[in-house]
Amino acid sequence: MNLLNSHDLLRFFDPVAGTIAGVAPTQRHLGDLHGCFADTATYERMLAAGNPLVYGVSAVEPARADGDLHYALAFILPGRVGAEYFMTKGHVHSWREAAEVYLGLSGEGAMLLEDETTRESRMLPLRPNHAVYVPGKIAHRTMNTGSVPLTYLGIYPAQAGHDYTSVANRNFRCVVIERHGQPAMVERTLL
Ligand code: PAN
Ligand code: ZN
């Protein structure tokens, strides 16, 4: 196999739908987000009433040699569990040093970043014309803070990998809620 044939050189994506032609998105429903929302009573109530789709991720992950890049286009539907916006599961990269760049494409959202060691947290806006840099060793989660689908592109080292377990075990220290019509980051234990 020659170098050019071994890579996915060109793909076509829909920035509003958050999908890539020829790539079936991995779908995450509310039931896949156990433990993510602080308001567990509202979460269980919503889950009992149905299991809505929350987000989808279309990843292009062809080669995995040193220096290769992977990317994923994602959409998060608008919605809330109580005051908490629909969000991704969140992860830290298995190869902890792996950083990532997020580009907002459509809609309005936010990213929650948390330092694994110090647990220092930041909330950053993610929307069109915004690029968010996620350094290595930083757990990251994305939420839709608007009323239409949020779409974004994430580009990361092919060796990054996704560690969901350590985030699920310890959870993010903070949650992002709607307060006075605006996203606000608050301590999970204070909700
Ligand atoms: C993104 C995420 C995407 C979905 O492509 O995979 O936002 O979030 P979860 O993976 O936490 O479900 C990324 O950060 N890749 O590394
Ligand atoms: Zn990532």
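Preceding block: the structure.
Residues numbered from 1 in each chain as written. Chains lettered and ligands numbered in written order. Predicted model: local features only at pLDDT ≥ 70, side-chain atom pairs only at ≥ 80, totals over all residues. Heavy atoms only, no water.

1. Brief notes about the overall build of the protein chain
Step number 1: Helix and strand counts for the protein chain come out as two helices and 17 strands.
Step number 2: The C-alpha atoms of the protein chain give 16 Å as radius of gyration, which agrees with the globular expectation for 191 residues (16 Å, within 12%).
Step number 3: If you line up the protein chain on its principal axes, its C-alpha atoms span 55 × 35 × 30 Å.
Step number 4: The burial tally for the protein chain puts 41% of its 191 residues in the buried class.
Step number 5: For the protein chain, the proportion of contacts with a sequence separation of at least 24, taken over those separated by at least 6, is 71%.
Step number 6: As displayed, the protein chain offers around 9600 Å² of accessible surface, 55% of which is attributable to carbon and sulfur atoms. (Helix = DSSP H or I, 4+ residues; strand = E, 2+ residues; numbered from the N terminus. Rg over C-alpha atoms; globule rule 2.2 N^0.38 Å. Buried < 20%, exposed > 50% of the residue type's maximum accessible area, 1.4 Å probe, protein only. Contact = heavy atoms within 4.5 Å. Areas by Shrake-Rupley, 256 points an atom, 1.4 Å probe, with all protein chains shown as cover.)

2. Let's talk about the coordination of the zinc ion (ligand 2)
Step number 1: Each protein donor to the zinc ion (ligand 2) is listed here as H91 (NE2), H93 (NE2), E100 (OE) and H140 (NE2); together their distances run 2.1 to 2.3 Å.
Step number 2: Taken together, the six donor atoms surrounding the zinc ion (ligand 2) define angles of 75 to 173° at the centre, an arrangement classified as octahedral.
Step number 3: If you list the donors of the zinc ion (ligand 2) from N- to C-terminus, the spacing comes out as H-x1-H-x6-E-x39-H.
Step number 4: Residue H91 is classed as buried on the basis of its relative accessible area, which comes to 8%.
Step number 5: Judged by its relative accessible area of 4%, E100 is buried. (Donors = N, O, S within 2.8 Å, 3.2 Å for Na, K, Ca; no water. Tetrahedral: all angles 85-135°; square planar, octahedral: opposite > 155°, others 65-115°.)

3. Comments concerning the nonpolar core
Step number 1: If you look at the biggest cluster of nonpolar residues, it comprises 32 residues, and the most contacted ones within it are L30 and F37.
Step number 2: It is strand β10 (residues 109-115) that contributes the most residues to this core, four residues altogether.
Step number 3: Residue contacts for F37: discarding those within four places in its chain leaves L30, Y43, V81, E84, Y85, F86, M87 and R188.
Step number 4: I20, V23, L73 and L153 belong to the second largest nonpolar core, which has five residues in total. (Core = buried A, V, L, I, M, F, W, Y, C linked by side-chain atoms within 4.5 Å.)

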